[in-house]
Amino acid sequence: MKRTWKNGSQEARSLTESNLRRPMGLISFSKRTFKHGVHPPENKQGTAGSAIRQFAFAPEIILPVVQHLGAPSEIVVREKQEVVRGQLLAKASGYVSVPLHSPVSGVVHKIGNVPILSGKMVPGLHIRPFPASGQEAIEGEPIDVESATAEEILQGIQDAGIVGLGGAAFPTHVKLKVPDGKECKTLMLNGIECEPFLTTDHRVMLEQESDIMLGIRYLMKATGAPKAIIGIEANKKDAAIHLSKHIPKDLPVTIQVVPVKYPQGSEKMLITSVLGIEVPSGGLPIDVGVVVINIATAAEIGRLLPYGRGIQERVITITGPGVIDKGNYLMPVGTPLRFALEKVGIKGSIREVYMGGPMMGMAVSNLDISITKGTSGVVVFTEKDVKQNQKIFPCINCGACVDACPIFLNPSKLGILAKAEAYDEMEAQHHLMDCFECGSCSYVCPSNIPLVQQFRLSKGIVRKRKASQKVA
Amino acid sequence: MEGKVLHISTSPHLVKGTSTVDIMRNVVYALLPVAAYAIFAFGINALLVLTAAVASCVITEHVLCKWSGKETTISDWSAVITGLLFGLTLPPSFPLWMVVLGGMVSIALGKFVFGGLGYNVFNPALVGRAFLQAAFPVAITTWTEPFAISRFSTVGSSLMALPFMEPVFDAMSGATPLSAWKFDKVAVETQDLALGLVSGSTGETSAIVILLAGLYLIGRKMMNWRIPVAILATVFTLSFVLNFLNPESYPTPLFMLFSGGLMLGAVFMATDMVGSPITSLGVVIYGTVIGLLVVVIRIWGGLPEGVMYAILIGNAIAPQIDRVIQHRVYGTKKIAS
C-alpha cells in the first residue's frame, strides 16, 4: 500500500477540525520562569515569518548510520540495490538504537565511511535518487491511536526511527519509557526554542498543528500521562494562540506561555518555569512525574505513526548573516550540507558554520557532512561576521557567571579549579556534574574565560576516571 | 562559497560583548567627573596630585610587567583606576614625592605581588593609602581649605617638598569635618558636605558628584549596587539609632553619610569586584560589615576616619564570605559547603 506524503497531514487535520473546543482557558500567559539565565539577541526575525518550504533532492544523499545517541544502526541493504522511499536501510541494533529509512527512491551507490559532525568517520550509505521518480513513500504497519497499547506505540516510535528533533537526537522511545515504580503525571511539550536564530519549532507549531495534536495523543497513551502542557516562549505568542485554537475537545492539553530567557528549552528549566518545581540533582524529569518531548518530535510522531512510516525528512532553519535565501526548509535526511548551502546561496566566504543554535550547537569542521535527524538548524557566518579571537583576561570576580548559571553553580570557582586540574574537587564539592553545558557562563564572562568549555573537558575527565575506577 | 579555513570552536559561539576592558574603561569615565570636581575645588594642587598618582601607578605597572618578562597590562585601564582612586584619597597639599612613592606601593605591594589584575586580595589604592598613613601620619592629615581664591594660580609649597625633607605646609590648613567633630565636637552643615564645600582629601569632598558617577556605573550594570546600598544603609541606620539615643555625643546620620571618604569608599572602592564577594547575599553581608566598621572606627576608634580600614578588613573577609555563602545548587536540598 502506497500513499503520497501530503495526504497524511490532511487526513489527520480532518480528524481534529470537527471537534474543536473554544480556546478560552486553554492558554495561560505566565510571568514565572526559572531563576538566572541570560538574554542573548534572538535573531529570529530573519526566518520566523517564512513558511516551511520543501527542499530539493540532492544528486547524492549521504546517510551515516550514526544519527542518534546510542548504538549505530545496522545496514541491511547492499551496494547497487534499488531502494524505495521509506524503505528500511539499516535496522536498530539494540534497545537504545533506532532504524534508518531511505529518504528517497534511488539506488545505493556506495556503502563506506562517511564523515559526521563530530569529525569522526562512520559507516554510511550513498544513495543516488532516481531523477524522474514520483518519490512516493512506502508504508509499514499503521498504529491506531485508539486501539494500540502503550508498548505498541513505543515500538512504533522506535520502528519509525524517531529521535529527539530538538538537537540531542536521543531515541524517543527510550525517553518515553516510564520506569517501573515511576508515574508520569504530566507530559510536557517543549516549544520553547530558546536558541537564537532557530525558528524550526516555531514554524512547526504554526503549520503542523493537527500532527502535533495527534502526536500528543500517542505520547499521552505511551506514557500514561493524564494531561499535557505545551510550554512556549513569549516571542512565539502567535504559535501559542494558533495551537490553542486547535486543541481537540477531548484532549486535556493546555498551553503555557513563559517569558523569553535562555536556556529555558532545557528540560529542567522548562519544568521549573512551567510547574515551579525542581528536578533533583542527578535525576531525570520522570523523578518529578514529568516526561518532556520536543514539539517537533511530537508532530513527527503524529505524522508517521498512523501510516507506519519511517522518518525521511525534517524541518531545518538555515540562517545566519552569511545566508542569502534564509528560511525554514523541509529537507530530506542525508542532504549534504554543501549542497544545502549552495542551494540557499552564501554571500562571501564561509568562516563558521554551526549545526544547531549558536549557544549549544556544534561547529562544522567539514562541509561534506550531511543533515541528520538531529539537525535543527544551520547557522552560517562569513569572514566579515566573525570577530578575531578575543584576549582572555584573568577572572575579576565580577559574579556575572554566578548570576547567569541556571543551576546555581559557581562557574568562577569551577574555572579556577579547572585551571588547577582539581577535577575531583570540582565534582565532589562544586557539583560539576550538574552542569548541562548551556554556556551562559561563557556567554556573559567579560574576561572571555572559556568556562563551559573547561567544564565540558572536566566532565569528560571525571567520567573517564570513574569508569576506570569501576574496571579496577 | 567556502573560505580558506573553517573556524572551529566549541559552543557557545556567542558572547555578550561587555569585556573586562569595557568595565575598567567605564569606571575611569565615572571617576573623571569626581577628579574634575576635585581639581575645581582644590586647583592646581589637586591636578598635580592626581597626575602624579596616575602616572606613578601606570609606570610602575608597566615597569614591573617588563621586569618579569610579561606583556604589559597597562592597556586594561586597571592601573589608571588604581591611580585615580589613590590620588583621590590624598590631601590636596600632599608632597608629590610621597604621592609617587605611594603609587608605587599601591601597584607593587597591592597588586603585583599577588599576581596582577584579578588576584589582588586588597584594593590596591587603599594599600598605597594605608602605607602612606603609616609612613607619613602628619602629611596625610594636613588639609587645605577648598575653593581658595589663589587655587589656580599658586602651587602649594608642600607639594614640591624634596624627598625625605620635612614639608612646609601653607598657613591655610583646616580641619576636616570629621576631625572637627571628633576632637572639637563641631558639626558641619550637611548641605556643605554634600556639595563639597569642606576640606578633605581631593576626592572625598562632593558626595553628590560621587553618587551620580556611581549611578552611571550601576545603570550600565558595571557595578554591584548592593554594595554601596548595604554600606550606606548600615551607616545610616546605626548612626540614626545612636543619634536618637544620645544626640549630644553622636553625630546625625546625614553627617555620617556625607562626611569623609564614605561616599568615595562605598561607591568606588568597596565595589572593586576583585576584592568583594561573588554572590548577591555575600556582597550584602560584606557591605554591612564595612558599614558597621566605619561607624565603630569613627565613633569609638582613635582615628577620625575609618573607611579605609573598614574596606581593607572587608576585602580580607570577602573570600571567607564566599566560602560560607554559596548558592543552593538547583535540585539539591541542603546548602553545599
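Residues numbered from 1 in each chain as written. Chains lettered and ligands numbered in written order. Predicted model: local features only at pLDDT ≥ 70, side-chain atom pairs only at ≥ 80, totals over all residues.

**A look at the overall build of chain B**
The test is simple: Numbering goes from the N terminus for both helices and strands, where a helix is a DSSP run of H or I of at least four residues and a strand is a run of E of at least two. The globule rule used here is 2.2 Å times the number of residues to the 0.38 power, and the radius of gyration it is set against is calculated over C-alpha atoms. Partly exposed residues are those whose C-beta has more than 12 but fewer than 20 other C-beta atoms within 10 Å; with 20 or more the residue is buried, with 12 or fewer it is exposed, and the C-beta atoms are placed from the backbone. Placing C-beta atoms from the backbone, we regard two residues as in contact once those atoms come within 7 Å.
Counting secondary structure elements, chain B contains 13 helices and zero strands. Going from the N terminus to the C terminus, chain B shows its helices and strands as α-α-α-α-α-α-α-α-α-α-α-α-α. Compactness check: chain B gives a C-alpha radius of gyration of 21 Å against a globular reference of 20 Å for 337 residues, within 12% of the reference. The buried share of chain B, reckoned over its 337 residues, is 54%. Long-range contacts, defined as pairs at least 24 residues apart, comprise 74% of the intrachain contacts of chain B with a sequence gap of at least 6.

**A few points about the overall build of chain A**
Along its length, chain A carries 14 helices and 20 strands. Rg of the C-alpha trace for chain A: 22 Å, near the compact-globule value of 23 Å for 472 residues, within the 12% margin. For chain A, the proportion of its 472 residues judged to be buried stands at 55%. By sequence separation, contacts in chain A at least 24 residues apart represent 74% of the contacts at least 6 residues apart.

**Points about the nonpolar core**
Our working rule: In plain words, the nonpolar core is the set of buried Ala, Val, Leu, Ile, Met, Phe, Trp, Tyr and Cys residues that C-beta atoms within 7 Å link up.
Counting residues in hydrophobic clusters, the biggest one holds 142 residues, and the most contacted among them are Leu187, Met188, Leu219 and Val291 of chain A. Here this core gets eight residues from one element, more than from any other, and that element is helix α5 (residues 209-223) of chain A. Counting 89 residues, the second largest nonpolar core, distinct from the first, contains Ile23, Phe94, Val127 and Ile227 of chain B.

**Observations regarding the domain arrangement of chain A**
Basically, it comes down to this: The domain limits used here are those given by an automatic or database domain assignment.
Domain annotation of chain A identifies domain 1 (6-53 + 161-307), domain 2 (55-138), domain 3 (313-385) and domain 4 (400-471). Computed over C-alpha atoms only, the centres of domain 2 of chain A and domain 4 of chain A are separated by 37 Å.

**A few points about the interface of chain A and chain B**
Between chain A and chain B, the residue contacts involve 54 residues of the former and 36 residues of the latter. Going through the elements one at a time, α9 (337-344), β18 (350-355), β19 (362-363), α13 (440-444) and α14 (451-471) of chain A are the ones with two or more residues in the side of chain A that touches chain B. Take the side of chain A that touches chain B: its biggest share by element is five residues, from β18 of chain A.

**Some details on the environment of threonine 190 of chain B**
Residue and element names in this part refer to chain B. Residue position: threonine 190 is located in helix α7 (residues 190-195). Take threonine 190: there are 18 C-beta atoms within 10 Å of it, and that puts it in the partly exposed class. Each C-alpha atom of the pair threonine 190 and proline 177 lies 10 Å from the other, and the pair is 13 residues apart in sequence.

**Some words on the sheet that holds strand β6 (residues 82-83) of chain A**
Residues and elements named next belong to chain A. Under the convention used in this document: Pairing between two strands is assigned when DSSP locates at least 2 bridges connecting them.
The sheet built from four strands is open, its strands ordered β4-β10-β9-β6 with antiparallel pairing. Edge positions in the open sheet fall to β4 (61-64) and β6, since each of these has one partner strand only. With four bridges joining them, β4 and strand β10 (residues 121-129) adopt antiparallel strand pairing. By the bridge assignment, isoleucine 61 is partnered in β10 with isoleucine 127.

**Description of the environment of phenylalanine 136 of chain B**
All names here are of chain B. Note that phenylalanine 136 resides in the loop between α5 (124-135) and α6 (177-184). The class of phenylalanine 136 is partly exposed, set by 17 C-beta atoms lying within 10 Å. Sequence separation between phenylalanine 136 and methionine 98 is 38 residues, and the spatial gap between their C-alpha atoms is 8.4 Å.

**Looking at the confidence of the model for chain B**
Applied cut-off: Values of pLDDT, which run from 0 to 100, indicate the predictor's confidence residue by residue.
Per-residue confidence for chain B gives a mean pLDDT of 87; residues scoring 70 or more make up 94%. Scored as a complex, the prediction yields pTM 0.88 and ipTM 0.87.

**A closer look at unusual backbone geometry**
Following tyrosine 262 of chain A, the chain continues to proline 263 of chain A via a peptide bond in cis, the omega torsion being 0 degrees. Looking along the chain, the bond that leaves serine 11 of chain B and enters proline 12 of chain B is cis, with omega of 0 degrees. With respect to the helices and strands, proline 12 of chain B occurs in the segment before α1 (20-42). Of note in the backbone geometry, glutamate 193 of chain A takes a positive phi value of approximately 45 degrees without being a glycine.

**Digging into the pairing of strand β12 (residues 186-191) of chain A**
Here is the key point about a regular strand: its side chains alternate between the two faces of the sheet. Residue and element names in this part refer to chain A. Among the six residues in β12, five count as buried, and that is most of the element. Where β12 lies against strand β13 (residues 227-233), six bridges are found, and the strand directions are parallel. Directly across from methionine 188, in β13, lies its bridge partner isoleucine 229. Note that β12 and strand β15 (residues 290-294) share five bridges and pair parallel. Within the sheet, the bridge partner assigned to asparagine 190 lies in β15 and is asparagine 294.

**Quick word on helix α2 (residues 150-159) of chain A**
For the α-helix, the turn length of 3.6 residues means that residues three or four positions removed from each other point alike. Residue and element names in this part refer to chain A. Turning to α2, its buried residues are Ile153, Leu154, Gly156, Ile157, Gln158 and Asp159. Next to the buried residues of α2 lie α3 (172-176), α5 and α8 (295-304). Positive phi appears at glycine 161, one or two residues downstream of α2, with a value of about 70 degrees.

**Some words on the pairing of strand β9 (residues 106-115) of chain A**
All names here are of chain A. Relative to β9, β6 runs antiparallel, the two being bridged by two bridges. Each bridged residue has a counterpart across the sheet, and for valine 83 the counterpart in β9 is glycine 106. Examined bridge by bridge, β9 and β10 share nine bridges and lie antiparallel to one another. Residue pairing for β10: glycine 106 is matched across the bridge by proline 129. If you look at the hairpin formed by β9 and β10, you'll find five residues sitting between the two strands, and glycine 119 has a positive phi there, around 100 degrees.

**With respect to the packing of α5 of chain B against helix α13 (residues 307-324) of chain B**
Residue and element names in this part refer to chain B. Spelled out, the test is: An axis is simply a line fitted to the C-alpha atoms; with a helix, the fit covers only the stretch in contact. Between two such axes, the angle follows the N-to-C directions and lies from 0 to 180 degrees. Each angle gets one of four labels, with under 35 degrees taken as roughly parallel, over 145 as roughly antiparallel, 65 to 115 as roughly perpendicular, and the rest as oblique. Crossing handedness follows the turn of the near helix against the far one: under a right angle anticlockwise gives a left-handed crossing, and clockwise gives a right-handed one. Any residue that is not Ala, Val, Leu, Ile, Met, Phe, Trp, Tyr, Cys, Pro, Asp, Glu, Lys or Arg is counted as polar, Gly included; the first ten are nonpolar and the last four charged.
Contact geometry of α5 with α13 gives a least axis separation of 10 Å together with a crossing angle of 130 degrees. Judged by the angle between their axes, α5 and α13 are oblique. As α5 runs across α13, the sense of the crossing is left-handed. Two secondary-structure elements touch here, α5 through Leu126, Arg129 and Ala130 and α13 through Met308, Ile311 and Leu312. Of the residues contributing to the contact of α5 with α13, the split by class is five nonpolar, no polar and one charged.

**Things to note about the sheet that holds strand β8 (residues 100-101) of chain A**
Strand order across the open sheet formed by three strands is β5-β7-β8 (chain A), with antiparallel pairing between neighbours. For this open sheet the edge positions go to β5 (74-75) and β8 of chain A, each flanked by a neighbour on one side alone.

**What about α5 of chain A?**
Residues and elements named next belong to chain A. As a reminder of what qualifies: For a helix, the expected span equals 1.5 Å multiplied by the number of residues minus one.
Taking 1.5 Å per residue, 15 residues should reach 21 Å; α5 reaches 21 Å between its end C-alpha atoms and fits that length. Counting buried positions over the 15 residues of α5 gives 14, a clear majority of the element. Residue glycine 224 follows α5 closely and has a positive phi angle near 75 degrees.

**Concerning the packing of α1 of chain B against helix α3 (residues 78-88) of chain B**
Residue and element names in this part refer to chain B. Running from N to C, α1 and α3 point in directions that differ by 25 degrees, and their axes come no closer than 10 Å. With respect to α3, the element α1 is oriented roughly parallel. In terms of crossing hand, the pair formed by α1 and α3 is left-handed. Contacts from Met24, Val27, Val28, Leu31, Val34, Ala35 and Ala38 in α1 reach Ser78, Val80, Ile81, Leu84 and Leu88 in α3. The class makeup of the residues in the contact of α1 with α3 is eleven nonpolar, one polar and no charged.

**Notes on the confidence of the model for chain A**
Residues of chain A with pLDDT of at least 70 account for 93%, and the chain-wide mean is 89. When the criterion is pLDDT under 50, residues 1-22 of chain A qualifies, and its contacts beyond four places in sequence or with other chains add up to 33 contacts.

**Some points on the environment of asparagine 123 of chain B**
Residue and element names in this part refer to chain B. Inspection of the secondary structure puts asparagine 123 in the loop between α4 (96-110) and α5. When the 31 C-beta atoms within 10 Å are taken as the criterion, asparagine 123 is described as buried. Placed 148 residues apart in sequence, asparagine 123 and threonine 271 show a C-alpha to C-alpha distance of 9.5 Å.

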